[in-house]
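The primary structure of each chain is shown beneath.
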Amino acid sequence: MEPETKDKLFIPFFKPSFSGEEERAVLDVIHSGWLTTGKEALAFEKEFAGFIGTREALAVNSASSGLLLALEAFGTRSGTKTATTPYTFISTATSSLHLGAEVVYCDIEKDSYNIDPNRLEDVFKKEKNIRTVIPVHVAGNLCAMEDINACAEKNNAAVIEDAAHAFPAKSPAGFAGTLADAAVFSFYATKTITTGEGGMITLKDREKSELIKKLRSNGIDRAVWNRYTEKEASWKYDVTCAGWKCNMPDILAAIGRIQLKKADLFLQQRKKIADKFNEAFSGFDFLRIPPDSPGNAWHLYLLRIKPEKLNVTRDDFARELQREGLGISVHFIPHFDFTFIKKRYGLSRSDFPNAAEKADTTISLPFWPGMNEEEIQYVIDRVTKIGAKYYRKS
Ligand SMILES: *Cc1c(COP(=O)(O)O)cnc(C)c1O
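Presented here is a report on the structure given in the accompanying data block. (Residues numbered from 1 in each chain as written. Predicted model: local features only at pLDDT ≥ 70, side-chain atom pairs only at ≥ 80, totals over all residues. Heavy atoms only, no water.)

1. Some thoughts on the packing of aromatic side chains
Item 1. On inspection of all chains with the given rule, the structure shows 21 aromatic pairs.
Item 2. When the ring of Phe48 is compared with that of Phe185, the centres are 5.0 Å apart and the planes differ by 70°; the resulting orientation is edge-to-face. Note that Phe48 is positioned in helix 2 (residues 39-52) and Phe185 in strand 8 (residues 182-186), a separation of 137 residues in sequence.
Item 3. For Phe185, a relative accessible area of 0% corresponds to the buried category.
Item 4. The interplanar angle of 10° and the centroid separation of 5.4 Å between the aromatic rings of Phe336 and Phe352 together place this pair among those described as stacked. Here Phe336 is found in the loop between helix 11 (314-323) and helix 12 (339-345), whereas its partner Phe352 is found in the loop between helix 12 and helix 13 (353-359), with 16 residues between them in sequence.
Item 5. Judged by its relative accessible area of 5%, Phe352 is buried.
Item 6. One aromatic cluster is present, formed by Phe44, Phe48, Phe51, Phe167, Phe175, Phe185 and Phe187 through successive ring pairs. (Phe/Tyr/Trp six-rings, centres within 6.5 Å; stacked < 30°, edge-to-face > 60°. Helix = DSSP H or I, 4+ residues; strand = E, 2+ residues; numbered from the N terminus. Buried < 20%, exposed > 50% of the residue type's maximum accessible area, 1.4 Å probe, protein only.)

This is the structure in structure tokens:
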């Protein structure tokens, strides 16, 4: 049945779920007079570590910085390689390039957006000196960590989870962020909890954690808040390595602490919306609902169109959705389609059949915890209406 034509709405891709609590937390920091990294950031780290059950959590100014610091701490440098997939955000790869290392790409699974452990074995057979593997839990759906860890261990490589989408994803083995040697989370504006910009590195190794603390603050061997609050030798510090400037300021950490308290609620809300989308879209043979596995964090709702059933490309389908007022996005443009990566590695799409297929058929629908019934229904109506318009009657 044709859905009734409603007034046109605009449905954004994402809206942050903020309340008076975040506002008050920010004002408290401003009034305290301490704006940079201090007790809020320390408390955020402690609370985040407690939430996922890890020993060390280090707040940083983005996941991109976090990847850089974690990779440096695990020995990524000139002469080494990092294995990851082309189906991720660009900084998953460029973080290694900045350290002088090279990236080797591994295709994703047929039935998910995540790295394929079997193909990873082949990549290890072909390439020498892979120091690190970065599996990406795309959309919050967890990677096959057991197989990935086993493969990496056999080949003396470390595993760093790109957990930018995966808070709070939880497998039977534990939360994302505890499933490998280290992990990096993002609190970017559209992520599952947000501080506007921000990130968190988690790991168990205390020595590496101490190193990362220095790396994120210009190689300085003492925390700045001690430098300004202790009575003696407050100006004195040593520099023991070349670092960057990647610390998280207290204004952002204060927002993060409030968001963290709501993470379970947000997840429940996203799950409910995903259930509604799944139920609605399952009834149409030209759509494919997202892969799901236990503990999914449901960061994104990745809908696929089936080209064999529709007389329309993904790009045109997406354009029509935008015309109808849907703030859609695409996750991801695969790395092999970027000029920079193409020039550097001369990759062929045919080497990554699964990534290429998904890259050409996937659309990220508007999706956030506070979406109301009218907004959810509007998205469903417009997607199915456009699908029906291009349906191949064979
Ligand atoms: C968002 C994202 C990042 C980068 O996060 P920032 O905090 O914006 O630097 C890295 N990897 C993936 C998979 C992402 O989606």
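2. Structural notes on the sheet that holds strand 12 (residues 362-364)
Item 1. The sheet built from 3 strands is open, its strands ordered 10-11-12 with antiparallel pairing. One side of each edge strand has no neighbouring strand; the edge strands of this open sheet are strand 10 (287-288) and strand 12.
Item 2. Strand direction decides the pairing type here: strand 10 and strand 11 (residues 302-305), joined by 2 bridges, are antiparallel. Along strand 11, the bridge assignment pairs Leu287 with Ile305.
Item 3. Here helix 11 sits on the sheet in contact with strand 11 and strand 12, set at roughly 25° to strand 12. (Pairing = 2+ DSSP bridges. Contact = heavy atoms within 4.5 Å. Axes fitted to C-alpha atoms, helices over the stretch in contact; angles between N-to-C directions.)

3. Observations concerning the sheet that holds strand 4 (residues 130-133)
In any sheet, the strands associate via hydrogen bonds between backbone groups, in a parallel or an antiparallel arrangement.
Item 1. Within the open sheet, the 7 strands sit side by side as 1-9-8-5-4-2-3. Their pairing is mixed. A strand with exactly one partner marks an edge of an open sheet, and here the two such strands are strand 1 (56-60) and strand 3 (102-105). Between one strand and the next, the sheet's axes are offset by a mean angle of 25°, whatever the strand orientation.
Item 2. As paired elements, strand 2 (residues 81-84) and strand 4 share 3 bridges and run parallel to each other. Considered in strand 4, the bridge of Ala83 is made with Val133.
Item 3. Against the sheet, helix 3 (residues 63-73) engages strand 1, strand 2, strand 4, strand 5 (158-162), strand 8 and strand 9 (199-203), with an angle of about 165° to strand 8.
Item 4. Contacting strand 2, strand 3 and strand 4, helix 5 (residues 117-126) runs over the sheet at an angle of about 160° to strand 4.

4. Structural notes on the pattern of salt bridges
Item 1. Summed over the entire model, instances satisfying the criterion amount to 27 salt bridges.
Item 2. A salt bridge links Asp360 to Arg349, with the nearest nitrogen and oxygen atoms 2.9 Å apart. Placement of the pair is Asp360 in the loop between helix 13 and strand 12 and Arg349 in the loop between helix 12 and helix 13, with a sequence separation of 11 residues.
Item 3. With a relative accessible area of 36%, Asp360 lands in the partly exposed category.
Item 4. Residue classification places Arg349 among the partly exposed positions, given a relative accessible area of 32%.
Item 5. Among the ionic contacts, a cluster of salt bridges with common partners joins Glu40, Glu47 and Arg257. (Salt bridge = Lys/Arg side-chain N within 4 Å of Asp/Glu carboxyl O.)

5. Some thoughts on the site of the ligand
Item 1. Surveying the vicinity of the ligand reveals 16 residues, the closest of which are Ser64, Asp162, His165, Ser186 and Lys191.
Item 2. Here Lys191 contributes a side-chain N or O atom positioned 3.1 Å from an oxygen atom of the ligand.
Item 3. Counting only elements with at least two residues in the shell around the ligand, the list comes to helix 3 and helix 4 (91-98).
Item 4. Of the residues contributing to the shell around the ligand, the split by class is 6 nonpolar, 8 polar and 2 charged. (Near = heavy atom within 4 Å. Polar contact = N/O pair within 3.5 Å; in protein donor to acceptor, adjacent residues only side chain to side chain. Nonpolar A, V, L, I, M, F, W, Y, C, P; charged D, E, K, R; others polar.)

6. Some words on unusual backbone geometry
Item 1. Of note, the amide linkage connecting Phe167 to Pro168 takes the cis form, showing an omega dihedral of -5°.
Item 2. With respect to the element layout, Pro168 can be found in the loop between strand 5 and strand 6 (170-171).
Item 3. Unlike most non-glycine residues, Asn218 shows phi in positive territory, near 55°.
Item 4. With respect to the helices, strands and loops of the structure, Asn218 is situated in the loop between helix 7 (206-215) and helix 8 (224-229).
Item 5. The backbone phi angle of Trp298 is positive, close to 45°, even though this residue is not glycine.
Item 6. If you trace the backbone, Trp298 turns up in the loop between strand 10 and strand 11.

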